[in-house]
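In case you want the letters, here they are:
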Amino acid sequence: MKAFAMLKIGEAGWIEKEEPTCGPTDALCKPLAIAICTSDIHTVYEGGVGERHNMVLGHECCAEVIEVGSEVKDFKPGDKVLVPAITPDWSSVEAQAGFAQHSGGMLAGWKFSNIKDGVFGEVFHVNDADGNLAHLPEGMKYEEACMLSDMVPTGFHAVEQADVQFGDTVLVIGIGPVGLMAVAGANLRGASRIIAVGTRPTCVEVAEKYGASEFISYKDGPISEQVMKLTDGKGVDKVIIAGGTVSTFEEAVKSLKPGGRIGNVNYLGKGDMITIPRVEWGAGMGNKVISGGLMPGGRLRMEKLGALVASGKVDVGLMATHVFHGWEHIPEALEMMRVKQPDLIKPVVIL
Ligand code: NDP
Ligand code: ZN
């Protein structure tokens, strides 16, 4: 089969590869539309998960089932499906402990284009099909369905990590597609003020639509100083990190009230250490919690978030700013995600 792959760190291209085979609880699918993720950029160009050779890229798509294993009950060839980026083994002890995304080891629920081939091939493999796939909601556009693979569940997981409550003032650092979904999620959870950090004009415009009330730029000096000015020196209740670098944590801790919580979903592709400022962390006693997570994946989450999007409460289509038609556009879409021109949020390729 034809597939678009990471050839080695720093290089991606087309390859020919054997089609995957279907085990008893698995499904084989063909993508109907794919989206490029910033994580694909970390993986290929920064070696974020280490060296890989000829590994098919991609973990965001919607698809059609073409084959199912003998044990699969709820899906059959021809079904159109939502596909989560994270596809845990639901019978693992980690899943039983409540952390399915780490089934089989840390981050091992993230299988596509990490520990096995991803979805940018003519055929891709889904483990535990009944546990991971969800039927495509009726009438949902493919580009919306692609946002449900990763952007919606990851942005919303950031909101869960930060434990946003009614009336909270929330700082969202980074308003690319993940941060935008964190803004939308914090808004749905009843945040009273959402201070957003980011500069790309289209992202700012869409963040406002999703509920951001104020904006600051990380290019205008330390984030925490700007936050303190906006909050009369008090700081915010919750911080969501969906962009920046290892040094962003310092700003997040400084921006947070005592008793506050930081929820990080940013994939730290570079750097060795994260430093926590001692004084602003209350010399270790400030009750400031730092939590970071990979979105949990799986069918239930896909079904629930699919229903939420289908209800019209969040217009995720606003994020698909660049829609292409045809496999040949995948390299162009990847390059677009690497460069991030001012009007880009997310490139989608309909196949
Ligand atoms: P984008 O690159 O589109 O957005 C990043 C945002 O961070 C932009 O708003 C950008 O601002 C802002 N930013 C850049 N540098 C800084 C800085 N120094 N300080 C503060 N803000 C900064 O990324 P995505 O939204 O696509 O993804 C965000 C992160 O989430 C990525 O690292 C991605 O890999 C990760 N991710 C994590 C997942 C998980 O399960 N945990 C799953 C999927 C993605 P500007 O507007 O100026 O560009
Ligand atoms: Zn992704």
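See the structure shown above.
A brief report on the enclosed structure follows.

### Remarks on the overall build of the protein
Counting its secondary structure elements, the protein contains 11 helices and 16 strands. Expected size for 351 residues packed as a compact globule is a radius of gyration near 20 Å; at 20 Å, the protein falls within 12% of this value. By its C-alpha atoms, the protein is 60 × 40 × 40 Å across when sized along the principal axes. Taken over 351 residues, the protein has a buried fraction of 57%. Long-range pairs, those at least 24 residues apart, make up 72% of the contacts in the protein with a sequence separation of at least 6. Carbon together with sulfur atoms contributes 52% to the accessible area of the protein, which is approximately 14,400 Å² in total. For the protein, the separation between the mean place of its 32 positive charges and that of its 44 negative charges on side chains is 6 Å.

### What to know about the coordination of the zinc ion (ligand 2)
For the zinc ion (ligand 2), every protein donor is listed as Cys37 (SG), His59 (NE2), Glu60 (OE) and Asp150 (OD), and the spread of their distances is 1.8 to 2.3 Å. Here the zinc ion (ligand 2) is ringed by four donor atoms whose angles at the metal span 93 to 124 degrees, and the overall shape comes out tetrahedral. Look at Asp150 and you get buried, because its relative accessible area is 9%.

### Focus on the packing of helix H1 (residues 38-45) against helix H11 (residues 330-339)
If you want to describe how two helices pack, look at the angle between their axes and the distance between the axes. Across the interface, H1 lies against H11 with an axial gap of 9 Å and an inter-helix angle of 90 degrees. Our classification of the angle between H1 and H11 gives roughly perpendicular. Counted together, Thr38, Asp40, Ile41 and Tyr45 of H1 and Leu334, Glu335, Met337 and Arg338 of H11 form the full contact between these two elements. Its residues placed into classes, the contact of H1 with H11 shows four nonpolar, one polar and three charged.

### Some details on the packing of aromatic side chains
Evaluated as defined, the whole model comprises four aromatic pairs. Note on Phe4 and Trp14: the rings are 5.1 Å apart at their centroids and 65 degrees apart in plane angle, and the pair reads as edge-to-face. Of this pair, Phe4 sits in strand S1 (residues 2-8) while Trp14 is found in strand S2 (residues 11-16), placing the two residues 10 residues apart along the sequence. You can call Phe4 buried: its relative accessible area is 3%. With relative accessibility at 37%, the residue Trp14 sits in the partly exposed group. Aromatic pair Trp110 and Tyr267: ring centres 5.9 Å apart, planes at 75 degrees, arrangement edge-to-face. Taken together, the positions of Trp110 in the loop between helix H2 (93-96) and strand S7 (124-126) and Tyr267 in the loop between strand S13 (256-264) and strand S14 (289-292) put the pair 157 residues apart, joining distant regions of the chain. For Tyr267, a relative accessible area of 18% corresponds to the buried category. Here the aromatic cluster, defined as three or more aromatic residues joined through ring pairs, consists of Phe4, Trp14 and Trp327.

### Overview of the packing of helix H5 (residues 151-162) against helix H10 (residues 299-310)
For the pair H5 and H10, interaxial distance at closest approach is 11 Å and the crossing angle is 100 degrees. Between H5 and H10, the crossing angle belongs to the class labelled roughly perpendicular. Residues Val152, Pro153, Phe156, His157 and Glu160 of H5 lie in contact with H10, whose contacting residues are Arg301, Met302, Leu305 and Leu308. Among the residues making up the contact of H5 with H10, the classes are represented as six nonpolar, one polar and two charged.

### Concerning the sheet that holds strand S10 (residues 193-197)
Ordered in space as S11-S10-S9-S12-S13-S14, the six strands form an open sheet in which the pairing is parallel. A strand with exactly one partner marks an edge of an open sheet, and here the two such strands are strand S11 (214-216) and S14. The average undirected angle you get between the axes of adjacent strands in this sheet is 20 degrees. Looking at chain direction, strand S12 (residues 236-241) and S13 are connected through five bridges and run parallel. Residue pairing across strands places Ile240 opposite Gly263, the latter belonging to S13. Of the strands in this sheet, S12, S13 and S14 are in contact with H5, which crosses S13 at around 150 degrees.

### Here's the deal with the site of ligand 1
Residues in contact with ligand 1 amount to 27 residues; listed here are only the nearest, Thr38, Thr199, Tyr218, Asn266 and Lys340. One of the side-chain nitrogen or oxygen atoms of Ser39 is found 2.9 Å away from an oxygen atom of ligand 1. Within the backbone of Ile175, one N or O atom sits 2.8 Å away from an oxygen atom of ligand 1. Protein coverage of the free-state accessible area of ligand 1, which is 940 Å², stands at 87%. Listing elements by their share of the shell around ligand 1, those giving two or more residues are H1 and helix H6 (177-188).

### Here we look at H11
Of the residues making up H11, those classed as buried are Ile330, Ala333, Leu334, Met336 and Met337. Down the axis of H11, the smallest arc covering the buried residues is 160 degrees, so these residues share one side. Following H11 by one or two positions, Lys340 adopts a phi angle in the positive range, close to 55 degrees.

### A short note on the layout of surface pockets
Its boundaries defined by the atoms lining it, the second largest pocket holds a volume of some 270 Å³. Together, Phe156, Val159, Glu160, Gly185, Leu188, Arg189, Leu300, Arg301, Lys304, Leu305 and Leu308 line the second largest pocket. At five residues, H10 tops the list of elements feeding residues into the lining of the second largest pocket. Here the residues of the lining of the second largest pocket are counted per class, giving six nonpolar, one polar and four charged.

Rules used throughout
Residues numbered from 1 in each chain as written. Chains lettered and ligands numbered in written order. Predicted model: local features only at pLDDT ≥ 70, side-chain atom pairs only at ≥ 80, totals over all residues. Heavy atoms only, no water. Helix = DSSP H or I, 4+ residues; strand = E, 2+ residues; numbered from the N terminus. Rg over C-alpha atoms; globule rule 2.2 N^0.38 Å. Buried < 20%, exposed > 50% of the residue type's maximum accessible area, 1.4 Å probe, protein only. Contact = heavy atoms within 4.5 Å. Areas by Shrake-Rupley, 256 points an atom, 1.4 Å probe, with all protein chains shown as cover. Lys, Arg positive; Asp, Glu negative; His and termini not counted. Charge placed at Lys NZ, Arg CZ, Asp CG, Glu CD. Donors = N, O, S within 2.8 Å, 3.2 Å for Na, K, Ca; no water. Tetrahedral: all angles 85-135°; square planar, octahedral: opposite > 155°, others 65-115°. Axes fitted to C-alpha atoms, helices over the stretch in contact; angles between N-to-C directions. Parallel < 35°, antiparallel > 145°, perpendicular 65-115°, else oblique. Nonpolar A, V, L, I, M, F, W, Y, C, P; charged D, E, K, R; others polar. Phe/Tyr/Trp six-rings, centres within 6.5 Å; stacked < 30°, edge-to-face > 60°. Pairing = 2+ DSSP bridges. Near = heavy atom within 4 Å. Polar contact = N/O pair within 3.5 Å; in protein donor to acceptor, adjacent residues only side chain to side chain. Arc of directions from axis to C-beta. 1 Å grid on protein atoms, 1.4 Å probe; cavity = no way out; pocket = protein on both sides within 12 Å on 5 of 7 lines; lining within 4 Å. Points joined across faces, edges and corners; volume = space filled by probe spheres on them.

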